[in-house]
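For reference, the chains in residue letters:
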Amino acid sequence: MEEGTFGEWLKRDGETIERGTALFVLEGEKSAQDIESLDRGILRIPPDGPRPGETVKVGQLLGYLVEAGERAPFETSTAPAGHLPVAVGDAGSAATPPAGPATRRMARELKVDLQRVPGSGPGGRVTPDDVNAWVPAVLVKRASERVTISPRARRLAGQLGVDWTSLRGSGRTGRIRERDVRSAAAANGPAAAQLSSSGHSPLQRVAGDLPGPWLSVTTMRKTIAARMAAGVHETAPVTITTRCDASNLVNLRQQFRQTACNDEPVPGYNDLIIKLLAGALVRHPQLTHQWHERGIYVPEGLHIAVAVDTDAGLLAPVLRDVDRLSLRDVAARMKHLAEQARSGSLSAADIQGGVFTISNLGMFGIEAFTPIINLPQSAILGVGAIVRDAAVVNDTVVPRDRLTLSLTFDHRVVDGAPAARFLQTLRQAIEAPGAALLQ
Amino acid sequence: MSSTLASVTAAVSRQTLLVLYRQMQLIRQCEEQLARAHQKGLIHGACHTYVGQEAIAVGVCAHLQTEDVVFSTHRGHGHALAKGVGPRELFAELFGRANGCSRGRGGSMHLFSPETGMMGTSGIVGPCILQAAGAGYSFKLLESDQVGVAFFGDGAANNGAFHEGLNMASIWNLPALFVCENNQFATEVPLSYSAGNPDVGSRAGAYGLPGVTVDGNDVVAVYAAAGEAIDRARHGRGATLLECRTYRTRAHAEGMGDFSYRTREEVEEWKRRCPIAALEARLVAEGIATPDELRQITAEIETLTADAQQFAEQSPLPDPATAAQHIYAAPRIGIRSVSAPPPGTREITYIKATHEALAEEMAANPKIFVMGEGIGKRGGNFNTTVGLYDLYGAVRMCDTPISERGFVGLGCGAAMTGTRPVIDFMFADFILDSVGEILNQIAKMQYMSSGRLKMPILLRGCIGIGHSAATHHSGNYYPLYAHIPGLRVVVPSNPFDAKGLMKHALRCDDPVMFLEPRELLNLKGPVPTEDYEIPFGQAAIVQPGTDVTVVAIGRMVPQVLAAAKQLTQPGISIELIDPRTVAPLDMESILASVAKTGRLLIVDECFAPFGIGAEIAAGIADCGFDELDAPIRRVNGLHTPTPYSPTLEAAVVPQIEHIVSAIKNLVDE
Ligand SMILES: Cc1ncc(C[n+]2csc(CCOP(=O)(O)OP(=O)(O)O)c2C)c(N)n1
Ligand SMILES: [Mg+2]
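Conventions used here
Residues numbered from 1 in each chain as written. Chains lettered and ligands numbered in written order. Predicted model: local features only at pLDDT ≥ 70, side-chain atom pairs only at ≥ 80, totals over all residues. Heavy atoms only, no water. Helix = DSSP H or I, 4+ residues; strand = E, 2+ residues; numbered from the N terminus. Buried < 20%, exposed > 50% of the residue type's maximum accessible area, 1.4 Å probe, protein only. Contact = heavy atoms within 4.5 Å. Areas by Shrake-Rupley, 256 points an atom, 1.4 Å probe, with all protein chains shown as cover. Donors = N, O, S within 2.8 Å, 3.2 Å for Na, K, Ca; no water. 1 Å grid on protein atoms, 1.4 Å probe; cavity = no way out; pocket = protein on both sides within 12 Å on 5 of 7 lines; lining within 4 Å. Points joined across faces, edges and corners; volume = space filled by probe spheres on them. Nonpolar A, V, L, I, M, F, W, Y, C, P; charged D, E, K, R; others polar. Domains from an automatic or database assignment. Patch = residues over 30% accessible without salt bridge, like charges linked within 9 Å, V, L, I, M, F, W, Y side chains within 5 Å. Salt bridge = Lys/Arg side-chain N within 4 Å of Asp/Glu carboxyl O. Lys, Arg positive; Asp, Glu negative; His and termini not counted. Charge placed at Lys NZ, Arg CZ, Asp CG, Glu CD. Pairing = 2+ DSSP bridges. Axes fitted to C-alpha atoms, helices over the stretch in contact; angles between N-to-C directions. Near = heavy atom within 4 Å. Polar contact = N/O pair within 3.5 Å; in protein donor to acceptor, adjacent residues only side chain to side chain. Core = buried A, V, L, I, M, F, W, Y, C linked by side-chain atoms within 4.5 Å. Parallel < 35°, antiparallel > 145°, perpendicular 65-115°, else oblique. Left-handed = near helix turned anticlockwise from the far one by under 90°. Expected span 1.5 Å × (residues − 1).

**Student:** How would you explain the overall build of chain B if you had to name every residue and give the values?
**Tutor:** Within chain B, the regular secondary structure consists of 25 helices and 22 strands. By the burial criterion, 60% of the 669 residues in chain B qualify as buried. Across chain B, every contact between residues at least 6 apart in sequence was considered, and the portion connecting residues at least 24 apart equals 82%. Only carbon and sulfur atoms are counted for the fraction: they give 54% of the accessible area of chain B, which is about 24200 Å².

Structure representation (structure tokens):
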């Protein structure tokens, strides 16, 4: 892992941290981890520290653990030169003068060195008025100009993906209100602004009146929720389906079973389809391309993520370089990965780097569905149940094993026709698996 | 005082004498066993025993049928047992068990067993006197031959309830018996000190009632005197005050010190005058019973008492999940509501609308009666009852003395015994004189009786500032009542709501505070002629809108409508919500509206601190925080008594311009 998404602080600025305390949430591709502190100390979060949702690199400085009484670097004389001179003092060289907590907080916010402020209180105690008198008026004003936003506007900003920290509020006191977020969203794109706040039922929110029970949401659940919502809202998803004649596939599997020896796993339908899918992706690499702000990204390696249902929720461990694996290898590795997923022992590396996802709901008798794209990937294949069905072959009705494939792809990256051609290739491979596996 | 022991055989049958003996033994042994259980920690709260006073409960209750009702006080174990509550149920209650007579909700001071006519003991000294009068009022209205009995101490004889209760029983000739158990102390305060006239029985004359004083340790004397009084009550000859002189020979309550206010010698002297020993001696001396027979009765009671203790100890504790059950009666189903008729249909005034509701319900339900000052022939200060006296007469349209506490307490007893009182206060300010009866008795009765008693009482009065009525005729006070579990609080703002809510109030089994803004009484509005009700807890959306939610109560509803007419600029579309009932409060409708508008203003003539606006704001901040696009604001009347002069008066009420500017500011926030 080289970078991750910063989830949230689990501790607040100023809290005392013991070794082993979970400090913050870091999200990888499909898992979120609580990162524990290896040391003890008082957590100090710098004002320009990472915000939830920001990408952070391995080794990036996120905050400080300081000793009691020690200042964090961001509050002392090493402050950048852009600060007003009052802020740059020879702090720490003499004992701090007496001052109450309110005065201290005020001094901190205004970046005032309390030692320079003459105290008018008993015993030279510095009062808030002293701080006010000392600080140039312009600075006091700036401190009071902290951006404020109404709860409703903040919620909407989250829904519309608007960064409100840079907005100007139209409220009497400069508060950012719903209308400000809406007009910002409209400027970003008309579709986003349409997302109406009436989309949820207000009555669901009468939490105090609902009898419950209420379930707490795990970090993993939150991550899944965010990723799934993003897969729907941030892509241009299209789902197409096709029906394959799976009779030959069924035959082939039958042969594997009959000739199986004890210590090797028999490849299942899913393994067969993963292998055939890899072949189709080699012929249609566009399905693995990814949409990024900078442009379309072409990832390395044919790594296929496979959705696995676990007690904790959906996981998608990644099978690497499937094009270079034998069918037996696919079966063996898949078995191992699924076991790890269910026992919760996947490493972060096991769930990263996928270029395409496959999800199979056939064991539940589901035939077709609309899988959700696993960002930043561009496509996901839904595999349905193999059902014995009446088929018309050469004008006669015969029983056949049939399998439906559902492909959701991101229309930003792939157009309908190439996506359809890819699905057609895969269908043909499934209908004639022997030849396809030979390639 | 008369002593009848000398003529025991002549006066009372052997069978009755043995019953009296047995009942006194039952009370004595239960009390002594309870005292032991208290020492063992099996009783969780207070325990006031009746030791030494047994003859009174037994002598009186020997004349009562199950249908007759008893109201008692903190020292009530003996009354409960004598009225027929089983010792098992009594012990289980004191042990806090689920099958105690009050299902574990009451303990020693709150014994309820309406099935046996034990209508409750009360931890408040006094109300039982009024409640017994109320039962008497019910029985008079229902024309039954039942009797209401109150047992109370000498301490209660100095309480206003005694004065008001006896007076009302006298003027209305109620079938009631007031038994004062004068044990000479109220806790540690002697009656000789606390009463200007410590001869309690003689005080009856001051109210025009017969007063009888007997030796309360002589069960036959009590039996004889009570028999006469109850017979008088049953036969329409009215109430009696019976003073029984006695002494409690244990401490005021178990575990309390006893000799800071009386001497050991005095207590020992009274122990020698034990009512049980006295009867025993006479029965043996006069050959009515042998010592063996009496010993056998004693032994039977010992078995009963031991069984009661064992039963209680083995009984389950109540399920904590039931702790908030029975605060209100179960809601009725099949309520017929209609939508508000459009303007242009029949229009009547607010006061006419409530009058219609009352008149229709009185015609349909003969158990409804109205009490108040001047509500009879005069038809009420605000014409609330005009014409009804001619239809229903003095019993159902009852003019009262100026005894607010008295007739509210009486109404409570009436509602407990099968009738439906409507108390018309004219001004709601006067309700305050009866707040103890409302909060401690009326509001709690359904809960304390675990839903076995209902409390169908309607308390109505005018509220609000105006007419230079000044500070004693302009109170609102509804947040006070809305704070209390067990009450319904209704504040209608228009004729349609007033009629529908009044109808619902007159059909529901909960106590309802029906508060009518005086300034709206002559307001006209469309009211259907067909039968309809408006259930409690359903707000009305008076005017739909999109930019600001305004919640207004009572008089402030038309005030906000007027403000809305002035606010016609775009971007200020007001959604006006009238909760109609402040308890229950329809938070869901308010929340749904705030989810739409993102802004909330609460306009209430009542004081802001601890008020309805604070309650609504807290609820929305809790459940609708993310809906808010601006702070929640309130417009309230000033936090001051109401002044008289018009300029001062106007300054304490929210005016239209205040509301207009509050809405504008909120939209700009
Ligand atoms: C209205 C009220 N005030 C005070 C008390 C506290 N209190 C409980 S019992 C009691 C004495 C009552 O004396 P009395 O009525 O003579 O009854 P006794 O205890 O003698 O049986 C007092 C003052 C109360 N329960 N209710
Ligand atoms: Mg007393």
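Once you've had a look at it, read on.
**Student:** Explain the coordination of the magnesium ion (ligand 2) residue by residue, including any values.
**Tutor:** All names here are of chain B. Within the protein, Asp154 (OD), Asn183 (OD1) and Phe185 (O) serve as the donor atoms for the magnesium ion (ligand 2), at 2.0 to 2.1 Å. Between the donor residues of the magnesium ion (ligand 2), the gaps in sequence give the motif D-x28-N-x1-F. Here Asp154, found in the loop between β3 (148-153) and α7 (160-171), pairs with Asn183, found in the loop between β4 (176-182) and β5 (185-186); they are 29 residues apart in sequence, far enough to count as distant.

**Student:** Describe empty space enclosed by the protein, and please don't skip the residues or the numbers.
**Tutor:** Residue and element names in this part refer to chain B. Taken as a whole, this structure holds two cavities of 30 Å³ or more when the rule is applied. Counted as a void, the second largest cavity has a volume near 40 Å³. Taken together, Ile463, Gly464, Asn476, Tyr478, Val491, Pro517, Ile553, Gly554, Arg555 and Glu605 make up the lining of the second largest cavity. Of the residues that constitute the lining of the second largest cavity, the class distribution is five nonpolar, three polar and two charged. When residues of the lining of the second largest cavity are assigned to domains, at least three map to each of domain 2 (347-526) and domain 3 (540-668).

**Student:** Can you tell me about a positive patch on the surface, naming the residues and giving the values?
**Tutor:** Residue and element names in this part refer to chain A. Taken together, the side chains of Arg71, Arg104, Arg105, Arg108 and Arg125 define a basic patch exposed on the protein surface. Assignment of secondary structure puts Arg71 in the loop between β7 (64-66) and α1 (101-110). Taking relative accessible area as the criterion, Arg71 reaches 35% and is therefore assigned partly exposed.

**Student:** Report on the sheet that holds strand β12 (residues 420-427) of chain B, specifying residues and quantitative values.
**Tutor:** Residue and element names in this part refer to chain B. Spatially, the seven strands line up as an open sheet ordered β11-β10-β12-β13-β15-β14-β20, and their pairing is mixed. Both outer strands of the open sheet, β11 (397-399) and β20 (581-583), are each paired with one neighbouring strand and no more. Between one strand axis and the next, the sheet turns by 20 degrees as a mean value, whatever way the strands run. Examined bridge by bridge, strand β14 (residues 488-490) and strand β15 (residues 512-517) share three bridges and lie parallel to one another. Its bridge partner lying in β15, Arg488 is registered against Val512. On the sheet, helix α16 (residues 404-416) packs against β10 (368-372), β12 and β13 (458-463) and is oriented at approximately 160 degrees with respect to β12.

**Student:** Could you give me a rundown of the pattern of salt bridges, with the residues and numbers involved?
**Tutor:** Overall, the coordinates contain 54 salt bridges over all chains when judged by the stated rule. For the salt bridge of Arg172(A) with Glu669(B), the shortest nitrogen-to-oxygen distance reads 2.5 Å. Of this pair, Arg172(A) sits in the loop between α4 (151-160) and α5 (178-188) while Glu669(B) sits in the segment after α25 (656-668), which puts the two residues in different chains. Here Arg452(B) ties to Glu115(B) by a salt bridge, and the two come within 3.1 Å at their closest N and O atoms. Placement of Arg452(B) in the loop between α18 (445-448) and β13 and of Glu115(B) in the loop between α5 (87-94) and β2 (118-121) is noted, with a sequence separation of 337 residues between them. Given a relative accessible area of 22%, Arg452(B) falls into the partly exposed group. Note on Glu115(B): relative accessible area 45%, which makes it partly exposed. Connected through salt bridges with shared partners, the residues Arg332(B), Arg346(B), Lys352(B), Glu356(B), Glu360(B), Glu361(B), Lys499(B), Lys503(B), Arg507(B), Asp531(B) and Glu533(B) form a single ionic network.

**Student:** Any chance you could break down the site of ligand 1 for me, citing the residues and the numbers?
**Tutor:** Residue and element names in this part refer to chain B. Lining the immediate surroundings of ligand 1 are 14 residues, of which His74, Arg75, Gly123, Gly155 and Phe185 lie closest. In the model, an oxygen atom of ligand 1 is placed 2.7 Å from a nitrogen or oxygen of the Arg75 side chain. Residue Ala156 places a main-chain N or O atom 3.3 Å away from an oxygen atom belonging to ligand 1. Bound to the protein, ligand 1 loses 70% of the 580 Å² it would expose on its own. Looking at the shell around ligand 1 residue by residue, the classes come out as five nonpolar, seven polar and two charged.

**Student:** Describe in detail the nonpolar core, supporting the description with residues and values.
**Tutor:** All names here are of chain B. Judged by nonpolar contacts, the single largest core of 87 residues is most densely connected at Phe152, Phe178, Tyr478 and Leu515. Ranked by residues supplied to this core, first place goes to helix α6 (residues 127-142) with nine residues. Not counting residues within four places of it along the chain, the set of residues in contact with Leu515 comprises Tyr350, Ala428, Ile431, Gly461, Ile463, Asn476, Tyr478, Tyr481, Val489, Val490, Val491 and Pro492. Counting 64 residues, the second largest nonpolar core, distinct from the first, contains Ala92, Leu94, Ala226 and Leu283.

**Student:** Account for the packing of α5(B) against helix α13 (residues 291-314) of chain B, with residues named and values stated.
**Tutor:** For any two helices packed against each other, one specifies the crossing angle of their axes together with the interaxial distance. All names here are of chain B. Between α5 and α13, the least distance of the axes is 8 Å, while the angle of their chain directions is 45 degrees. Of the possible angle classes, the one that applies to α5 and α13 is oblique. In the crossing of α5 with α13, the sense of the turn from one axis to the other is right-handed. Mapping the contact onto sequence places Pro87, Arg88, Phe91 and Ala92 in α5 and Thr305, Asp307, Ala308, Gln309, Phe311 and Ala312 in α13. Considered class by class, the residues forming the contact of α5 with α13 number six nonpolar, two polar and two charged.

**Student:** Describe the packing of α6(B) against α16(B), with residues and values.
**Tutor:** Residues and elements named next belong to chain B. Taken N-terminus to C-terminus, the directions of α6 and α16 make an angle of 60 degrees; their axes are 6 Å apart at the nearest point. Compared by their axis directions, α6 and α16 come out oblique. In terms of crossing hand, the pair formed by α6 and α16 is right-handed. Along its contact with α6, which presents Pro127, Leu130, Gln131, Ala133, Gly134, Ala135, Tyr137 and Ser138, the element α16 presents Arg405, Gly406, Gly409, Leu410, Cys412, Gly413, Ala414 and Met416. Here the contact of α6 with α16 is built from residues that sort into nine nonpolar, six polar and one charged.

**Student:** Describe unusual backbone geometry, with residues and values.
**Tutor:** Backbone torsion omega between Leu375(A) and Pro376(A) reads 5 degrees, so that peptide bond is classified as cis. Here the residue pair Ala583(B) and Pro584(B) is connected by a cis peptide bond, since its omega of 0 degrees sits within 30 degrees of zero. Residue position: Pro584(B) is located in the loop between β20 and α22 (587-597). At Asp395(A), a residue that is not glycine, the phi angle is positive and equals roughly 65 degrees. Residue classification places Asp395(A) among the exposed positions, given a relative accessible area of 76%. Here Asn173(B), not a glycine, exhibits a phi torsion of approximately 55 degrees, which is positive. As for its placement among the helices and strands, Asn173(B) is situated in the loop between α7 and β4. For Asn173(B), a relative accessible area of 36% translates into the label partly exposed.

**Student:** Can you break down α6(B) residue by residue, with the values?
**Tutor:** Residues and elements named next belong to chain B. With 16 residues, α6 ought to run about 22 Å at 1.5 Å a step, and its terminal C-alpha atoms sit 22 Å apart, in line with that. Among the 16 residues in α6, 14 count as buried, and that is most of the element. Immediately beyond the C-terminal end of α6, within one or two residues, lies Glu143, with a positive phi of roughly 55 degrees.

**Student:** Mind laying out the sheet that holds strand β14 (residues 318-319) of chain A, listing which residues take part and the relevant values?
**Tutor:** All names here are of chain A. Read across the open sheet, the six strands follow the order β8-β17-β16-β15-β11-β14; overall the sheet is mixed. The strands lining the two open edges of the sheet, one partner per strand, are β8 (237-245) and β14. The pairing of β8 with strand β17 (residues 396-410) spans nine bridges and is antiparallel. The residue bridging Cys244 from the neighbouring strand is Leu403, located in β17. The strands that helix α11 (residues 416-431) touches are β8, β15 (356-360), β16 (379-393) and β17; relative to β8, the one it contacts most, it runs at about 25 degrees.

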